[in-house]
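# Structural features, examined
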Amino acid sequence: MTNLPFIRKDIRRPDPNLVRRAARFQAAILADVGGRRGTLGGSIQSRVPGMKVAGPAFTVEVRPGDNLMFHAALAMAQPGDVIVVEGKGDLTAALCGTIMVTQAQAAGLAGFVVDGATRDTEEIAAGKFAVFSAGTNPNGPTKSLGGRINWPVTLAGTTVNPGDLIVGDDDGVVVVPQENIEEILILAEQKVQAEAKRIAQILDGNLGAPWLENALVQAGVLRQGEAL
């Protein structure tokens, strides 16, 4: 057995002001300015349209179909945290439902992001707690297998480290590495302003895309100087 702890109790979280700033942006904006990377695979979606989440990742690794370590994380996470569960994409049993959501909301947590199944969708839809998962299943989990808390995890092809910033909306979930949150937020604000300017131009009748022809030349489908 390894001497390393299975449960890491102390993690570094981003400044709450950064989290509040990040919550203003769409996940798509943050993904674009982050280099079009860091998004969880499209299998992980909000269980109900309109759900939004932003907060530091409190990471959990569980065995497929078992939520013992999810319960341990729920007992440890701090207000504002997003519990991020590496459930191996298993959809044979739900890893959480109404009871755990109720407990998390009462504890002031920001949301769940689960690479696995959840259940009690109708009751979750009636509340305000954000739940993102890879699917649903009415079958309940076991509670007997060990895992790890606050180690790096992988969800739908993307690595999440404890304390990384999680932002999710109807498009999906993006992970912003804690080390460059400030930089990403500055770029996000610039992109929002640039997109607003472009939309205004389109509405004013300027339908051309000034970058398009050069991109087509670079792609080899137009000759230099040739126009569409």
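Just so it is clear, the model here is predicted, and its values are computed rather than measured.

### Here's the deal with the UniProt feature "binding site: substrate" (unreviewed entry) in the protein
Taking the UniProt record as the reference, the feature "binding site: substrate" (unreviewed entry) is found at Gly-97, Thr-98, Ile-99, Met-100 and Arg-119. With the annotated positions falling across 23 residues, the maximum pairwise C-alpha distance of 10.6 Å places them together in a single cluster. Topologically, Ile-99 is positioned in helix 4 (residues 98-106). Since its relative accessible area comes to 71%, Ile-99 is described here as exposed. Tracing the chain through its elements places Met-100 in helix 4. Excluding its chain neighbours within four sequence positions, the residues that come into contact with Met-100 are Asn-67, Phe-70, His-71, Leu-74, Leu-95 and Phe-112.

### Thoughts on the packing of aromatic side chains
With the rule as written, the count across this model stands at two aromatic pairs. Measuring from ring centre to ring centre gives 5.0 Å for Phe-70 and Phe-112, while their planes differ by 75 degrees; the resulting arrangement is edge-to-face. Highlighted residues: Phe-70 in helix 3 (residues 68-76) and Phe-112 in strand 4 (residues 111-118), separated in sequence by 42 residues. Since its relative accessible area comes to 0%, Phe-70 is described here as buried. Of the residues examined, Phe-112 reaches a relative accessible area of 0% and is grouped as buried. On the basis of an interplanar angle of 75 degrees and a centroid distance of 5.0 Å, the ring pair of Phe-112 and Phe-129 is categorised as edge-to-face. A residue pair is termed long-range when its members are at least 10 positions apart, and Phe-112 in strand 4 and Phe-129 in the loop between helix 5 (121-125) and strand 5 (130-136) qualify at 17 residues.

### Section: the pattern of salt bridges
Summed over the entire model, instances satisfying the criterion amount to eight salt bridges. Linking Arg-13 and Asp-81 is a salt bridge whose minimum nitrogen-to-oxygen distance equals 2.8 Å. Of the two residues, Arg-13 sits in the segment before helix 1 (16-22) while Asp-81 sits in the loop between helix 3 and strand 3 (82-94), which places them 68 residues apart along the sequence. Given the relative accessible area of 23%, Arg-13 is considered partly exposed. Exposure remark for Asp-81: the relative accessible area of 1% places this residue in the buried category. Salt bridges here are not isolated pairs; linked through shared partners, they connect Glu-61, Glu-86, Lys-88 and Arg-148.

### A word on the domain arrangement of the protein
Along its sequence, the protein is organised into domain 1 (16-179) and domain 2 (186-219). A straight line from the C-alpha centre of domain 1 to that of domain 2 covers 33 Å. Each side of the interface is counted separately: domain 1 has seven residues, and domain 2 has seven residues. Between domain 1 and domain 2, roughly 570 Å² of surface is buried when both sides are summed, and carbon and sulfur atoms account for 72% of that area. The largest per-residue losses of area from domain 1 upon contact with domain 2 belong to Phe-25, Ile-29 and Val-33, which jointly make up 71% of the total buried on that side. At the junction of domain 1 and domain 2, the tally comes to two salt bridges. A salt bridge links Asp-32 to Lys-191, with the nearest nitrogen and oxygen atoms 3.7 Å apart. At the junction of domain 1 and domain 2, the tally comes to one residue pair in polar contact (both at pLDDT 80 or more). Looking at which element gives the most residues to the side of domain 1 that touches domain 2, the answer is helix 2 (residues 27-33), with four residues. The class makeup of the residues in the side of domain 1 that touches domain 2 is four nonpolar, no polar and three charged.

### Quick notes on the UniProt feature "binding site: Mg(2+)" (unreviewed entry) in the protein
In the numbering adopted here, UniProt assigns the feature "binding site: Mg(2+)" (unreviewed entry) to Asp-120. Mapped onto the secondary structure, Asp-120 falls in the loop between strand 4 and helix 5. Setting aside chain neighbours within four positions, we find Asp-120 in contact with Gly-97 and Thr-98.

Reading guide: rules and limits
Residues numbered from 1 in each chain as written. Predicted model: local features only at pLDDT ≥ 70, side-chain atom pairs only at ≥ 80, totals over all residues. Heavy atoms only, no water. UniProt positions renumbered as here; feature names shortened; annotations may be inferred. Helix = DSSP H or I, 4+ residues; strand = E, 2+ residues; numbered from the N terminus. Buried < 20%, exposed > 50% of the residue type's maximum accessible area, 1.4 Å probe, protein only. Contact = heavy atoms within 4.5 Å. Phe/Tyr/Trp six-rings, centres within 6.5 Å; stacked < 30°, edge-to-face > 60°. Salt bridge = Lys/Arg side-chain N within 4 Å of Asp/Glu carboxyl O. Domains from an automatic or database assignment. Buried area = accessible area lost by both parts, 1.4 Å probe. Polar contact = N/O pair within 3.5 Å; in protein donor to acceptor, adjacent residues only side chain to side chain. Nonpolar A, V, L, I, M, F, W, Y, C, P; charged D, E, K, R; others polar.

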